[in-house]
Amino acid sequence: MRHVSRSFGKTEALRDLDLVLAAGEFVALLGPSGCGKSTALACLAGLQPLSGGEIWIDKRRLDTLPAERRGFGMVFQSYALFPHLTVQKNVEFGLRMRKVKAAQRHERALAALRTVQLEDHAQKHPAQLSGGQQQRVAIARALAIEPDIVLMDEPLSNLDAALRIGLRTEIKRLHQNLGLTTLYVTHDQEEALSLADRVVILRDGCVEQAGTPEAVYNRPVSPYVAKFMGYRNVLAAHAASGGDAGEVVEVRRGAQVLHATAVEPITAGSEVTIAVRPEDVLVSSIDDNGLVAVAEVVEFMGREIQVGAGLPDGQVLHLRTEKPVAAGDSIRIGVPRQRLLAYAGNAA
Amino acid sequence: MTAVIPAGRSAPGAGFLRRSLAGRGVDAVLILLIPAVAFTALLFVYPYIYGITISLQPQGGGGALANYRNFFSDPYLRQTIWNTLRLALPAAAVSVGFAFPLAYRVRAAFRGRAVITALFLLPLTFGSVLLAEGMTEIFAPTGWVNLALGSVGLPHVQFIFNYTGTFIALLLTTVPFSFLLLAGMFGSIDRTLESAAATLGAGAAARFWRVLFPLMVPGLVTALTLAIVEAFAVFPSAVLVGQPDSATHVLSIPLYQAAQQQFNYSDASAIAVIMTIVELVVLAILFGIRSRLYRGPATSGKG
């Protein structure tokens, strides 16, 4: 996708989006609702026209072709199985459109159903299957046409938690076995991180960060990405000292001084945003990188507890600990300096 | 859904009976059905059975079936069955044919959709007598339709006081009626099905014939059925803009004459029974067709 843009009236859903997929790659488009990720997928599939830009696959230009001639397999959030056709006829649909002979069509449909372990249900109608089974049929239907690229639009969002994890593993396994180039749209960071070779985080129709799951998880380039990657604590502060990216800087919140790792160059005296994950906050003092707070809300989570701790300025710091903490306790909190990220500007 | 708690070892008593009835869908909520059931029983079932019994007690004597014998031995009366079918079936088919593309089009949002929808529903609010009166003006030999035809050099057409007049009058009410029904039914078809079909390589024609149309057919049959029911009861337009003594001498006309002019309720009841039977036969055929088609939901998944 080159400089792809798409506008709805005056609202731009996509702005100059560039995206290159390598053969066999699994790319996840991640972002909150309204960031343009589904629009990007619909444009790629040809279900929505582009306002600008081009789409190429190898040496073939695609954006001028209608959806039915692009040859992508698509999986939808709502499954979109044809309710009047049997499971097998659903899977055969794409092959029938390609004028594949009946005998071969049968064979390929059953082979596709076998990859999702549903060959026993071939003669049922979609309504007789569970949600997870229906989505597996939809995946088999998309695979049966042997597409250049598989597009998945939040395929797990309609499923309940247990099924979601099961089918996620199934999708991962299929990708590992078949090596299909996949573009996967989701708002769930866990899905994106666990499935993708590369995660692309969208914000207002633009790429905010793209990289391996490790890179976006450990080194989010902005507070926006950080919030998405589980940095639940995003607070405003002032830089007491400046520094380049990667260096440790001193930040001040009221009377308290903390040490944080600068993600981007920070000048002394400027406003900064600091971010830390709840699981990286420790209940104990760490030499010179500590805070005092009062535990306000304590939630039992099984192995550990989740604490919402009030800071002196009224902000709440979320942390997870295995130590016994009760609501109302005054606690000392430590933050490892390499886990506390500092960004220029106030984005909290 | 009704939650059923197994009775277990508890002693079978009133509670057990209540729970086992609840398991079969019998519970206090059924009380809410009483008004509707009572209404139907009082205003439909009882009068109908009463009508059947008096139709078998002819006022002129001659045995229980005398009214029916009279009806079928008189070619002029017998002809009314054919006249009714000849009007109602094509009118219903044509109105569904007109309403189908309109309903299909308003599935998608477009500028002026609300206005067009409202415009098509307007004739429903007028009532057939008002529409028929308007037609006598518009379609008169010097009405604007014939003047318009004349101005472009076309011959004068006799639109009213014949079969055509009644047919047009029927369409004016059955088209919006069918449109309303179909628009609702088509609206429930999941739009991502078309997207899915497109990504699988189906062009516009294949998307329509292989995906949408099979899901629309049950709705079309239902709309056709209801349009027939509506057209079967044609009376005002058959009298006002038709030829009530010949071409549009439909079943309801001798029925009205027997009941309101000759005060022969027995005979009128017999004609009503005949009308019902003819209608039921037509509906049975349509429902037979419908039961052979796909009848499941037109959506997929939870979406």
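Up top is the structure these notes are about.
Residues numbered from 1 in each chain as written. Chains lettered and ligands numbered in written order. Predicted model: local features only at pLDDT ≥ 70, side-chain atom pairs only at ≥ 80, totals over all residues. Heavy atoms only, no water.

Things to note about the overall build of chain A
Per the secondary structure count, chain A includes eight helices and 21 strands. Counting only residues that meet the buried cut, chain A has 52% of its 348 residues in that class. Pairs at least 24 apart in sequence give 65% of the contacts found in chain A among residues at least 6 apart. (Helix = DSSP H or I, 4+ residues; strand = E, 2+ residues; numbered from the N terminus. Buried < 20%, exposed > 50% of the residue type's maximum accessible area, 1.4 Å probe, protein only. Contact = heavy atoms within 4.5 Å.)

Focus on the environment of Arg-210 of chain B
Residues and elements named next belong to chain B. Tracing the chain through its elements places Arg-210 in helix 10 (residues 204–232). With relative accessibility at 38%, the residue Arg-210 sits in the partly exposed group. Note: C-alpha distance between Arg-210 and Ala-36 (174 residues apart in sequence) is 40 Å.

Here's the deal with the sheet that holds strand 11 (residues 206–211) of chain A
All names here are of chain A. Taken in spatial order, the six strands make up an open sheet running 7-8-9-3-10-11, and their pairing is mixed. Where the open sheet ends on each side, the last strands, each with one partner, are strand 7 (73–75) and strand 11. Within this sheet the neighbouring strands show an average axis-to-axis angle of 20 degrees, counted without direction. Sheet topology note: the strand 10 (residues 198–203)/strand 11 ladder contains five bridges and is antiparallel. Each bridged residue has a counterpart across the sheet, and for Val-199 the counterpart in strand 11 is Gly-211. (Pairing = 2+ DSSP bridges. Axes fitted to C-alpha atoms, helices over the stretch in contact; angles between N-to-C directions.)

A short note on the sheet that holds strand 20 (residues 330–334) of chain A
Read from one edge of the open sheet, five strands run 16-20-17-18-19 (chain A), paired in antiparallel fashion. The open sheet is flanked by strand 16 (282–283) and strand 19 (316–321) of chain A, the only strands paired with a single partner.

Comments concerning the packing of aromatic side chains
All names here are of chain B. On inspection of all chains with the given rule, the structure shows 17 aromatic pairs over all chains. Seen in terms of ring centroids, Phe-235 and Tyr-256 are 5.1 Å apart; in terms of plane orientation they differ by 45 degrees. Their pairing is tilted. In this pair, Phe-235 sits in the loop between helix 10 and helix 11 (236–240) while Tyr-256 sits in helix 12 (residues 252–261), placing the two residues 21 residues apart along the sequence. Residue class for Phe-235 comes out partly exposed when judged on its relative accessible area of 24%. Feature note: the residues Phe-100, Tyr-104, Phe-186, Phe-208, Trp-209 and Phe-213 constitute an aromatic cluster, connected by ring pairs. (Phe/Tyr/Trp six-rings, centres within 6.5 Å; stacked < 30°, edge-to-face > 60°.)

Focus: the pairing of strand 14 (residues 256–262) of chain A
Residues and elements named next belong to chain A. Of all seven residues that make up strand 14, five are buried, and the element is covered over most of its length. Taken together, the six bridges between strand 13 (residues 248–253) and strand 14 define a ladder with antiparallel strand orientation. Of the residues in strand 14, the one forming a bridge with Arg-252 is Val-257. Linkage of strand 13 to strand 14, two consecutive antiparallel strands, is achieved through a turn of two residues, within which Gly-254 is found at a positive phi near 60 degrees. Inspection of the sheet shows strand 14 paired to strand 21 (residues 341–344) by two bridges, in the parallel sense. Each bridged residue has a counterpart across the sheet, and for Ala-262 the counterpart in strand 21 is Ala-342.

Description of the state of the cysteines
Throughout this description, disulfide means a covalent bond between two cysteine sulfur atoms. All names here are of chain A. Summed over the entire model, instances satisfying the criterion amount to zero disulfides over all chains. Sulfur of Cys-43: no disulfide; nearest cysteine sulfur belongs to Cys-35 and is 13 Å away. The thiol of Cys-206 is unpaired, and the distance to the nearest cysteine sulfur, on Cys-35, comes to 11 Å. You can call Cys-206 partly exposed: its relative accessible area is 24%. (Disulfide = S-S within 2.5 Å.)

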